[in-house]
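A look at the structure
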Amino acid sequence: MLLLCSLVSDANAQNPAPDNSWKPEHPPQLQQLLDAAVQTTLAKFAPKKLEPDQIAATLIDLNDPQHPAQAEYRGDVQIYPASVIKLFYLVAVHRWLEDKKIDDTAELRRAMHDMIVDSYNEATGYIVDVLTGTTSGPELPQKEIEQWWDKRNAVNRYFAALGYTNINVNKKPWCEGPYGRETQAIKLFKPTRNQLTTDATARLMAEIVTGRAVSTARCQEMMELLHRDPSASSADPDSQARAFSGLGIPPGTKLWSKAGWTSETRHDCAYLELPDGRRLVLTIFTVNHANEREIIPTLVRTVIAGLQK
């Protein structure tokens, strides 16, 4: 499998320090292409009542990885990210490992795999505990819950130091809902939910792809977990390889991604290597149309068609 961290020089492998100098170019033609693709998608799904404020997207052209180009549609709007948040926890784990703040154990590796490959919420909860030194459990006295909350914001502080804005990365994803001190914190502290923007999410994927997140070697490990095979058969109707961006890509496209979906949201953050060699990150969030499986692939398909003109 091709590992995209080869896009950067070997010198980067010797420099594990995080890169907080994200300054993509914003060429007008790329913005026009994305705007047109979004409008085409909105028009197609107008009969399904898809509204302009129910979709957000960020496109990053990585043909020149040292000079990424970006376009966005509502890219700075906070949206509940569902399981896409796990991409941020993955990077944080590797940063903590690189800094030797946590131990590299078989159980941690099992949880990282299950969090990204299978999108298990239980594995993610364990990862959040490891990253923050907090655990779920019964309610706590006021002083202790405040201390707990400060620890729980460790990942937020890390990404804020890198220049990430307008996001909240401090909640566990749930299957049936939070209890105990998790619910207590929701009542006491704001914001009450995880929040991401497509701009921040696309940036993070681009930094993984280009080796800027943590280190080149660790980016390679992340890419192995994010790789999807759209040609592989699956009985899972929500397969991350086949039910999101993978439905809109031409044959022969290589795909790395992290999807998220709930009863209200349907999202995907994808890195694509097209058969013609073009490389791009495309992050798409949709709300209030979780059961409409064609919105994301339609936008992906339209963007790719525009790029190939």
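Every value quoted in this text rests on a predicted model; they were computed, and no experiment measured them. (Residues numbered from 1 in each chain as written. Predicted model: local features only at pLDDT ≥ 70, side-chain atom pairs only at ≥ 80, totals over all residues. Heavy atoms only, no water.)

1. Brief notes about the nonpolar core
Counting 55 residues, the largest nonpolar core has Phe-88, Tyr-89, Val-91, Ile-127, Phe-159 and Ile-208 as its most contacted members. If we ignore the near neighbours within four places in the chain, the residues touching Phe-88 are Phe-159, Tyr-164, Ile-167, Val-169, Leu-196, Ala-200, Thr-201 and Leu-204. (Core = buried A, V, L, I, M, F, W, Y, C linked by side-chain atoms within 4.5 Å. Buried < 20%, exposed > 50% of the residue type's maximum accessible area, 1.4 Å probe, protein only. Contact = heavy atoms within 4.5 Å.)

2. Some thoughts on the pattern of salt bridges
As enumerated under the stated definition, the model contains 13 salt bridges in all. Between Arg-95 and Asp-99 there is a salt bridge whose closest N-O contact spans 2.8 Å. Assessed through its relative accessible area of 6%, Arg-95 is described here as buried. Residue Glu-98 is joined to Arg-218 by a salt bridge in which the shortest nitrogen-to-oxygen separation is 2.5 Å. On the criterion of sequence distance, the pair formed by Glu-98 in helix H2 (residues 85-98) and Arg-218 in helix H9 (residues 216-226) is long-range, its members being 120 residues apart. By relative accessible area, which is 13% here, Arg-218 ends up buried. Through salt bridges that share partners, Asp-129, Arg-152, Lys-172 and Glu-182 make up one connected network. (Salt bridge = Lys/Arg side-chain N within 4 Å of Asp/Glu carboxyl O. Helix = DSSP H or I, 4+ residues; strand = E, 2+ residues; numbered from the N terminus.)

3. Considerations on the packing of H2 against helix H3 (residues 106-116)
Running from N to C, H2 and H3 point in directions that differ by 155°, and their axes come no closer than 10 Å. The orientation of H2 with respect to H3, classified from their angle, is roughly antiparallel. Considering only the axes of H2 and H3, their crossing is left-handed. Together, Lys-86, Leu-87, Tyr-89, Leu-90, Val-93, His-94 and Leu-97 of H2 and Leu-108, Arg-109, Met-112, Met-115 and Ile-116 of H3 make up the contact between the two elements. Among the residues forming the contact of H2 with H3, the class breakdown is nine nonpolar, one polar and two charged. (Axes fitted to C-alpha atoms, helices over the stretch in contact; angles between N-to-C directions. Parallel < 35°, antiparallel > 145°, perpendicular 65-115°, else oblique. Left-handed = near helix turned anticlockwise from the far one by under 90°. Nonpolar A, V, L, I, M, F, W, Y, C, P; charged D, E, K, R; others polar.)

4. Looking at the environment of Thr-58
On the secondary structure map, Thr-58 appears in strand S1 (residues 55-61). The spatial distance from the C-alpha of Thr-58 to the C-alpha of Phe-285 is 9.3 Å, given a sequence separation of 227 residues. Not counting chain neighbours up to four residues away, the residues in contact with Thr-58 comprise Gln-70, Ala-71, Glu-72, Gly-75, Thr-198, Asp-199, Ala-202, Val-281, Leu-282 and Thr-283. Within the local environment of Thr-58, its side chain forms a polar contact with the side chain of Asp-199, the two groups lying 2.6 Å apart. (Polar contact = N/O pair within 3.5 Å; in protein donor to acceptor, adjacent residues only side chain to side chain.)

5. What to know about the pairing of strand S6 (residues 279-287)
Along S6, eight of the nine residues are buried, which leaves the element largely enclosed by surrounding structure. Sheet analysis places S1 next to S6, joined by seven bridges and oriented antiparallel. Note on S6: the bridge partner recorded for Ile-60 is Val-281. Here strand S5 (residues 265-273) runs beside S6; their pairing, made up of nine bridges, is antiparallel. Its bridge partner being in S6, Leu-272 is matched across the sheet by Leu-280. In this antiparallel pair of consecutive strands, S5 and S6, the connection spans five residues, and Gly-277 shows a positive phi of 95°. (Pairing = 2+ DSSP bridges.)

6. Some points on the sheet that holds strand S3 (residues 227-228)
Strand order in this open sheet of six strands is S2-S1-S6-S5-S4-S3, and the pairing throughout is antiparallel. The strands lining the two open edges of the sheet, one partner per strand, are strand S2 (69-73) and S3. Two strands pair when backbone bridges link them, and S1 and S2 are joined in this way by five bridges, in the antiparallel orientation. Across the sheet, Ala-57 pairs through a bridge with Tyr-73, a residue of S2. The sheet strands contacting helix H1 (residues 28-44) are S1 and S2, and the helix crosses S2 at an angle near 30°.

7. Overview of unusual backbone geometry
Pro-191 follows Lys-190 through a cis peptide bond whose omega is -10°. By secondary structure assignment, the location of Pro-191 is in the loop between helix H7 (181-188) and helix H8 (198-209). Its identity is not glycine, yet Ser-119 carries a phi of approximately 60°, on the positive side. In this structure Ser-119 comes out as buried when scored by relative accessible area, which is 11%.

8. As for the packing of H8 against H9
How two helices sit against one another is set out by the angle between their axes and by the gap between those axes. Packing of H8 against H9 brings their axes to within 8 Å, and their N-to-C directions diverge by 115°. Taking contact as the criterion, the partners of Met-205, Glu-207, Ile-208 and Val-209 in H8 are, on H9, Cys-219, Met-222, Met-223 and Leu-226. Taken together, the residues that form the contact of H8 with H9 break down as seven nonpolar, no polar and one charged.

These results come straight from atomic positions and should not be treated as a statement about function.
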